[in-house]
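# Close look at the chain arrangement
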Amino acid sequence: MSEFVRKVSRKISKLSPEQLERVIESVNGEIKTLSSTLESLPTGLVLVDEDFRPIRANKAAERLVPFKKRISGDKAGEVPLWELVDDEYVSSFLRKCATERKTNVCEEFSISAGKKIRFITIKIVPLVEKQANEEGNAFDTTIAGSVITVEDITERTQQEVMLHRMESLAGLTNLAASVAHEIKNPLGAISIHIQLLQKAVKKARDGDGMLPKEKFMENYLAVINEEIDNLNKIVVDFLFAVRPLQVNMTLSNPDLLLEKTAGFFTPEFDSKNVSVTLRLCKEAPRLLLDEKLFRELVINLAQNALAAIEERFPAGNDSTAEKGTLLIESTVKDGKYILNIADNGSGMDEKTASKIFEPYYTTKATGTGLGLTMVYKIVKEFKGDIDVKSVKNHGTVFTISFPVPQKETMLLENKAGEVRLLG
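This section reports on the structure supplied with the text. All values derive from a computational prediction rather than experimental measurement.

On a plain count of helices and strands, the chain comes out with 11 helices and 12 strands. The buried share of the chain, reckoned over its 423 residues, is 39%. In the chain, of all internal contacts separated by at least 6 residues, the share reaching a separation of at least 24 is 64%. A total accessible area of about 25200 Å² is found for the chain, and carbon and sulfur atoms account for 53% of it.

Bringing the side chain of Ser390 into the picture now. Mapping Ser390 onto the fold places it in strand β11 (residues 385-391). Given a relative accessible area of 17%, Ser390 falls into the buried group. Of note is the side chain of Ser390, whose polar atom sits 2.8 Å from the backbone nitrogen of Met348. Engagement of the side chain of Ser390 in a polar contact is seen with the side chain of Thr396, the distance being 2.8 Å.

Here we come to the packing of aromatic side chains. Using the criterion set out here, one finds five aromatic pairs in the structure. With a centroid separation of 6.3 Å and 55° between ring planes, the pair formed by Phe294 and Phe402 is classed as tilted. Linking Phe294 in helix α9 (residues 291-312) with Phe402 in strand β12 (residues 395-403), this pair joins segments that are 108 residues apart in sequence. As far as the burial class goes, Phe294 and Phe402 line up, both buried. By the ring-pair criterion, three or more aromatic residues cluster together here, those being Phe294, Phe382 and Phe402.

Turning to the pairing of β11, a few remarks are in order. Residues Ile386, Val388 and Ser390 point to one face of β11 and are all buried, whereas Asp385, Asp387, Lys389 and Val391, pointing to the other face, are not buried. Bridging between β11 and β12 involves seven bridges; their strand directions are antiparallel. Residue pairing for β12: Asp385 is matched across the bridge by Ser401. Linkage of β11 to β12, two consecutive antiparallel strands, is achieved through a turn of three residues, within which Asn393 is found at a positive phi near 65°.

On to unusual backbone geometry, then. Within the chain, Phe52 stands out as a residue other than glycine whose phi angle is a positive 65°. Mapped onto the elements, Phe52 comes out in the loop between β1 (44-49) and β2 (54-57). Even without being a glycine, Asn273 presents a positive backbone phi close to 60°. Examined against the element boundaries, Asn273 turns out to sit in the loop between α8 (254-271) and β7 (274-279). A relative accessible area of 46% means that Asn273 is categorised as partly exposed.

Take the packing of α9 against helix α11 (residues 371-381) next. In a packed pair of helices, the relevant descriptors are the angle between the two axes and the axis-to-axis distance. Two elements in contact, α9 and α11, have axes whose closest approach is 10 Å; the angle formed by their N-to-C orientations is 145°. Between α9 and α11 lies a crossing whose hand is left-handed. Touching Leu293, Glu296, Leu297, Asn300, Leu301 and Asn304 of α9 are Gly371, Leu372, Met374, Val375, Ile378 and Val379, all from α11. Within the contact of α9 with α11, the residues separate by chemical class into eight nonpolar, three polar and one charged.

Counted according to the given criterion, the structure contains nine salt bridges. Here Asp49 makes a salt bridge to Arg53, at a shortest N to O gap of 3.4 Å. Owing to a relative accessible area of 18%, Asp49 belongs among the buried residues under this scheme. According to the relative accessible area criterion, Arg53 is partly exposed, its value standing at 29%. For Glu310, the salt bridge identified is with Lys272, shortest N-O distance 3.2 Å. Placement of Glu310 in helix α9 and of Lys272 in the loop between α8 and β7 is noted, with a sequence separation of 38 residues between them.

On to the environment of Gly324, then. Summarising the element assignment, Gly324 is placed in strand β9 (residues 324-333). A C-alpha to C-alpha distance of 9.3 Å links Gly324 and Ala308, two positions 16 residues apart in sequence. Beyond its immediate sequence surroundings of up to four residues, Gly324 is in contact with Asn273, Val274, Ser275, Ile309, Phe313 and Asn344.

The next point concerns α11. Since there are 3.6 residues in each turn of an α-helix, residues three or four apart along the chain are aligned in direction. Summarising burial for α11: eight of the 11 residues are buried, a large majority. Listed as buried for α11 are Leu372, Thr373, Met374, Val375, Lys377, Ile378, Val379 and Glu381. Just beyond α11, the residue with positive phi is Lys383, at close to 60°.

Moving on, we come to the sheet that holds β11. Hydrogen bonding along the main chain pairs the strands of a sheet, whether they run parallel or antiparallel. Pairing is mixed across the open sheet formed by five strands, whose spatial order is β7-β9-β10-β12-β11. Looking at strand neighbours, the two that pair on one side only are β7 and β11, the edges of this open sheet. Between one strand and the next, the sheet's axes are offset by a mean angle of 15°, whatever the strand orientation. In the sheet, strand β10 (residues 336-343) pairs with β12 via eight bridges, with the strands oriented antiparallel. Considered in β12, the bridge of Ile341 is made with Phe398. Each of β7, β9, β10 and β12 touches α9; the most contacted strand, β10, lies at about 25° to it. Sitting on the sheet, α11 touches β11 and β12, and the angle it makes with β11 is about 140°.

What counts and how
Residues numbered from 1 in each chain as written. Predicted model: local features only at pLDDT ≥ 70, side-chain atom pairs only at ≥ 80, totals over all residues. Heavy atoms only, no water. Helix = DSSP H or I, 4+ residues; strand = E, 2+ residues; numbered from the N terminus. Buried < 20%, exposed > 50% of the residue type's maximum accessible area, 1.4 Å probe, protein only. Contact = heavy atoms within 4.5 Å. Areas by Shrake-Rupley, 256 points an atom, 1.4 Å probe, with all protein chains shown as cover. Polar contact = N/O pair within 3.5 Å; in protein donor to acceptor, adjacent residues only side chain to side chain. Phe/Tyr/Trp six-rings, centres within 6.5 Å; stacked < 30°, edge-to-face > 60°. Pairing = 2+ DSSP bridges. Axes fitted to C-alpha atoms, helices over the stretch in contact; angles between N-to-C directions. Left-handed = near helix turned anticlockwise from the far one by under 90°. Nonpolar A, V, L, I, M, F, W, Y, C, P; charged D, E, K, R; others polar. Salt bridge = Lys/Arg side-chain N within 4 Å of Asp/Glu carboxyl O.

Geometric values such as these leave the question of function open.
See the structure below:
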């Protein structure tokens, strides 16, 4: 098309009105075809000039990106593209790419669409323009701006989440065997006491017809009711451990969530003379998280740390200068966001540490043994990994790593040392 226009433009003065009309109709036809193709693409497409002012956008882009007003509006091309975007993270990304002249970059975003969350990928590549040189025998290329593509990856993301859940369900065999073992004992007790009641009633009917004393009956029934309650608790806990979590995944800044969560429980720690220290990334990547569950994860680990600290440093014990400390530290390394939650509490031996994520396992007299099971479930739901390092009477470090979802992470790695105990 461009070659045809170039040749015609050289001879335009020699064309008759009829020939010129045919040329214009041909060019209009080509423009309509290109325009129809652009509007029919399922991928969003936005063209911007060197100052990042929009030149053109197709309908898919205006549908996928929350713009404050239509790109095709009369005055849309008078301001940079990021000023037209009604999303803080997308706008910041575009502004950063424009000011730093970044191209060939790609990043994922979560967009709120009413009650639903939509996930998109935005990619920026150079807009290359070819121009024939003066001799007309070669082309010169220049960068005339940028091409921004927007792809809806919501379905793919949801499929990945479902696949991850199916993989998690495949690991329930051991848990089911453990629950079966737990159920056997109450069922056995119920069966024995029902048999005793049946024998007592049969004996009474075969004899004088008098039922056993009321206390005799009540004792057996009380045992049966107690075991039924135990069975119900086992079943409820089992459902709690295996039922898929109800999650609302969005791309969120984990460090901001950590600051808010720490601000929630710090007053309680201060009242018990336990210091809380945060060492967070200077520029944390956004992660695919459920903010409510992430907060629950952090609070659960913090409460476990507080219990361990109080065990090692009982209240009112002023004989030691050492006090309780909770450290929350985040780093970015090798494409992962790493969160360390460390305390200098009572710690655990190797055997205990190896079992803490198992359902029903607890060292507390009143514990359910499901708190850290829930932590493990949440971490896995976020496609992360969790590890624990603990030394008796020195402290414990929980290390959690989450994958950074961006295809190209624009963060400098925060070079951190080895994970260490505080005590």
